[in-house]
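# Working through the structure, step by step
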2 protein chains.
Amino acid sequence: MVPKKENTPYFGEVSDYLPGISIDCVVVGFDLQQLNILLLKMKDGGHWGLPGGFVHKDEDMDRAASRILEERTGIKLPYLKQFHTFGDTQRRANSPNFFSESSLPEQFRDMLTWLQNRFISTGYLSLVDMRNSAPSPDYLSESCQWIPVDSIPELMYDHNQIVHKALEQIRNQINYLPIGISLLPEKFTMKEYQFLYEEILQKKLDRANFQKKMLKLGFLDRHEKQLSGGAHKAPFLYAFNRDKYEELVEKGIGYLS
Amino acid sequence: MVPKKENTPYFGEVSDYLPGISIDCVVVGFDLQQLNILLLKMKDGGHWGLPGGFVHKDEDMDRAASRILEERTGIKLPYLKQFHTFGDTQRRANSPNFFSESSLPEQFRDMLTWLQNRFISTGYLSLVDMRNSAPSPDYLSESCQWIPVDSIPELMYDHNQIVHKALEQIRNQINYLPIGISLLPEKFTMKEYQFLYEEILQKKLDRANFQKKMLKLGFLDRHEKQLSGGAHKAPFLYAFNRDKYEELVEKGIGYLS
């Protein structure tokens, strides 16, 4: 690993990193209203982008993804899952220089030249409970924020495309994997669970049918209603049964099974 | 693109390629008996491995995958799909030198040094009808063969792991995508179709249930029985309805839908 130098952030030297390979992290959060993506706004230039970085020469890529996310956003995630590698020649073509020289420590200025090279980037994805995360910007950024997916600005390089691909991946996965354990609070209503699915699939689902199918899968425990004392009926609360959930993640929700 | 030089194969110079990135192709075929993987056996050393290669500096990765497969096996596939990028530091550790200097053209010998570097490899996957393919070994290889998945020898580097991951990917996909259009002949029996699924999933499926579910998905056209004249009843033959198949690939086979 690269030792930290005094008064500088974590960069080290260009020669500490694999050439031509980068990592971009798409962290998706849900606030019971909409899906959000964790984005950084660069200092000076003010461009928005995904938390990304480079791989140390002696570091596994999966480990690099977690390190990069933590260094750039303060968020520690044990598990980021690779979802696609972006390797088009034009993926960073016609991009302005997003890094201003003044914002960089001296030994990192070599990186401005290094960054002119072609990079292939591997995208990593994670779904998190937004309310348990406190993102903070890194040395290069002026802010680090959750941005709703329908308000994502123009991002640097091909990062809009990377986000698009990540969301597409989640939509595909929903067809064979249970989803939500990491996006929802411990207890939630069926309406909130359905709303998450509708946000991901970008379409309305039938309430009765959704509930029936979800309960049939057997990974939701229903909790007794709270005594509300009010005129309105309190809805049931559900929680994931971790063992059954993991079992289903393992074997998938097959239409054949 | 790199121009071919006289008396040498396609390599060009080390400096024509992106450093540290390789591509490995997992081509899966089905012969109505079992799944097979297309493998190359190197000259001299005699090690088996996946058809792989490197990315030209001015070439999109997806294009590189098709070029590499064609150069190394003679098989032209319009569409190879990326499935995973292998980025562990140890993925080529403790591997012997698989390329003998004598088997390489002079300008490629620099590559022996170049190959000592760490490489991250992106795996590409394709499912093909074996009977329509005529693989042939390239300059570096003494043979190019379909090997049944249960007879795959020890492969170079982490190629066994790459094959494993590709098969796992197919097993996952089978839960939300129709599969088989590129693996089966134009017309096939339900038994052959079920056998393909059983080979992929590595488990027996219930005949009646399989037929019912497949027919319900609506992408199979049933053809009239041939007059056989024999004592045995000829089975129905089925063919994929391309339009409906593509539609299902587009939207997925969801348990919610």
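On a predicted model such as this, the values are computed, not experimentally measured, just so you know.

About the thresholds
Residues numbered from 1 in each chain as written. Chains lettered and ligands numbered in written order. Predicted model: local features only at pLDDT ≥ 70, side-chain atom pairs only at ≥ 80, totals over all residues. Heavy atoms only, no water. Helix = DSSP H or I, 4+ residues; strand = E, 2+ residues; numbered from the N terminus. Buried < 20%, exposed > 50% of the residue type's maximum accessible area, 1.4 Å probe, protein only. Contact = heavy atoms within 4.5 Å. Areas by Shrake-Rupley, 256 points an atom, 1.4 Å probe, with all protein chains shown as cover. Expected span 1.5 Å × (residues − 1). Arc of directions from axis to C-beta. Axes fitted to C-alpha atoms, helices over the stretch in contact; angles between N-to-C directions. Parallel < 35°, antiparallel > 145°, perpendicular 65-115°, else oblique. Nonpolar A, V, L, I, M, F, W, Y, C, P; charged D, E, K, R; others polar. Least-squares fit on C-alpha atoms with pLDDT ≥ 70 in both. Patch = residues over 30% accessible without salt bridge, like charges linked within 9 Å, V, L, I, M, F, W, Y side chains within 5 Å. Salt bridge = Lys/Arg side-chain N within 4 Å of Asp/Glu carboxyl O. Lys, Arg positive; Asp, Glu negative; His and termini not counted. Charge placed at Lys NZ, Arg CZ, Asp CG, Glu CD. Buried area = accessible area lost by both parts, 1.4 Å probe. Polar contact = N/O pair within 3.5 Å; in protein donor to acceptor, adjacent residues only side chain to side chain. Phe/Tyr/Trp six-rings, centres within 6.5 Å; stacked < 30°, edge-to-face > 60°. pLDDT = per-residue confidence, 0-100. Core = buried A, V, L, I, M, F, W, Y, C linked by side-chain atoms within 4.5 Å. Pairing = 2+ DSSP bridges. Disulfide = S-S within 2.5 Å.

With that settled, consider the overall build of chain A. Helix and strand counts for chain A come out as 6 helices and 9 strands. Across the 257 residues that make up chain A, the buried fraction comes to 53%. Within chain A, counting contacts between residues at least 6 apart in sequence, those at least 24 apart form 73% of the total. Carbon together with sulfur atoms contributes 47% to the accessible area of chain A, which is approximately 12800 Å² in total.

Turning next to helix H3 (residues 159-173) of chain A. All names here are of chain A. Relative to the 21 Å expected for 15 residues at 1.5 Å per residue, H3 spans 21 Å between its end C-alpha atoms, a close match to the ideal helical length. What H3 keeps buried is the set His159, Ile162, Val163, Ala166, Leu167, Ile170 and Gln173. In an axial view of H3, the angular spread of the buried residues amounts to 135°, which keeps them on one side of the axis.

Residues and elements named next belong to chain B. As a packed pair, helix H4 (residues 190-201) and helix H5 (residues 207-217) sit with axes 11 Å apart at the nearest point and diverge in direction by 100°. The angle between the axes of H4 and H5 places the two elements in the roughly perpendicular class. When H4 is examined against H5, the residues Met190, Tyr193, Gln194 and Tyr197 are found in contact with a partner set consisting of Arg207, Phe210, Gln211, Met214 and Leu215. Tallied by class, residues from the contact of H4 with H5 come to 6 nonpolar, 2 polar and 1 charged.

Time to look at the relation of the copies chain B and chain A. When chain B is fitted to chain A, the best match, at an RMSD of 0.0 Å, comes from turning it 180° and sliding it 0.0 Å along the axis. The superposition operator between the copies reduces to a two-fold rotation axis. Take the interface residues of chain B: 100% of them recur as interface residues in chain A, which is what a same-surface contact looks like.

The next thing to look at is a negative patch on the surface. All names here are of chain A. A surface patch of like charges, here negative, comprises Asp243, Glu246, Glu247 and Glu250. In this fold, Glu247 is placed in helix H6 (residues 242-251). Classification of Glu247 by relative accessible area gives exposed; the value is 52%.

Residues and elements named next belong to chain A. For the coordinates displayed, the defined rule picks out 18 salt bridges over all chains. The closest approach of N and O atoms between Asp129 and Arg131, which form a salt bridge, is 2.7 Å. Overall, Asp129 belongs to the buried group, its relative accessible area being 12%.

It is worth spelling out unusual backbone geometry at this point. Positive phi values are uncommon outside glycine, yet Leu32 of chain A reaches one of about 70°. Along the chain, the position of Leu32 of chain A falls in the loop between strand S1 (17-30) and strand S2 (35-42).

Across the boundary between the two partners, chain B contributes 40 residues, which contact 40 residues of chain A. The junction of chain B with chain A conceals about 3100 Å² of combined surface from both sides, 58% of it contributed by carbon and sulfur atoms. At the junction of chain B and chain A, the tally comes to 0 salt bridges. Here chain B is connected to chain A by 15 residue pairs in polar contact (both at pLDDT 80 or more). For the side of chain B that touches chain A, the element with the highest residue contribution is H5 of chain B, accounting for 5 residues.

All names here are of chain B. Locating Ser126 in the fold gives a position in strand S6 (residues 120-129). Taking relative accessible area as the criterion, Ser126 reaches 7% and is therefore assigned buried. Separated by 49 residues in the primary sequence, Ser126 and Leu77 place their C-alpha atoms 8.2 Å from one another. Sequence-distant contacts of Ser126, that is, excluding residues within four places in its chain, are made with Val26, Val27, Val28, Leu77, Tyr79 and Leu80.

Here we come to the packing of aromatic side chains. Residues and elements named next belong to chain B. Following the criterion strictly, the structure yields 31 aromatic pairs over all chains and no others. For the pair Phe188 and Tyr193, a centre-to-centre distance of 5.4 Å together with 45° between the ring planes defines the contact as tilted. The buried category is assigned to Phe188, whose relative accessible area is 1%. Classification of Tyr193 by relative accessible area gives buried; the value is 0%. Between Tyr193 and Tyr197, the aromatic rings sit 5.2 Å apart at their centres with planes inclined by 75°, giving edge-to-face as the arrangement. Of this pair, Tyr193 and Tyr197 both sit in helix H4, 4 residues apart, which is roughly one turn of that helix. An identical accessibility class is assigned to Tyr193 and Tyr197; each is buried.

Below, the discussion takes up the confidence of the model for chain A. Residue and element names in this part refer to chain A. Confidence in the prediction for chain A averages 87 pLDDT; 88% of positions are at 70 or higher. For chain A, per-element mean pLDDT is lowest for helix H2 (residues 110-114), which scores 79, and highest for strand S5 (residues 81-86), which scores 97. The low-confidence segment residues 1-7 (pLDDT under 50) makes 10 contacts with residues lying over four places distant or belonging to another chain. On the interface metric, ipTM, the complex scores 0.88, and its pTM is 0.90.

Another point: the nonpolar core. Soluble globular proteins tend to pack their nonpolar side chains together in the buried interior. Membership of the largest hydrophobic core comes to 44 residues, with the highest contact counts inside it found for Ile23 and Val27 of chain A together with Ile23 and Val27 of chain B. When near neighbours in sequence (up to four residues on either side) are disregarded, Ile23 of chain B contacts Pro51, Gly52, Gly53, Val55, Met61, Ala64, Ala65, Ile68, Ser121, Thr122 and Tyr124 of chain B.

Residues and elements named next belong to chain A. Counting buried positions along strand S7 (residues 141-148) yields 6 of 8 residues, so the element is predominantly enclosed. Where S2 meets S7, 7 bridges bridge the pair, whose relative direction is antiparallel. Along S7, the bridge assignment pairs Asn36 with Pro148.

Residue and element names in this part refer to chain B. Within the secondary structure layout, Phe240 lies in strand S9 (residues 237-240). Judged by relative accessible area, which is 13%, Phe240 ranks as buried. Between the alpha carbons of Phe240 and Gly180 there is a distance of 8.9 Å; along the sequence they are 60 residues apart.

In this section: the side chain of Ser22 of chain B. Residue and element names in this part refer to chain B. Position of Ser22 relative to the elements: it lies in strand S1 (residues 17-30). One polar contact links Ser22 to Ser121, side chain to side chain, over a distance of 3.0 Å. Not counting chain neighbours up to four residues away, the residues in contact with Ser22 comprise Gly53, Phe54, Arg91, Phe119, Ile120, Ser121 and Thr122.

With that settled, the discussion passes to the state of the cysteines. Residues and elements named next belong to chain B. Inspection of the entire model under this criterion finds 0 disulfides over all chains. In this structure Cys25 is not part of a disulfide, and its nearest cysteine sulfur, from Cys144, lies 11 Å away. Cys25 gets classed as buried once you look at its relative accessible area, which sits at 0%.

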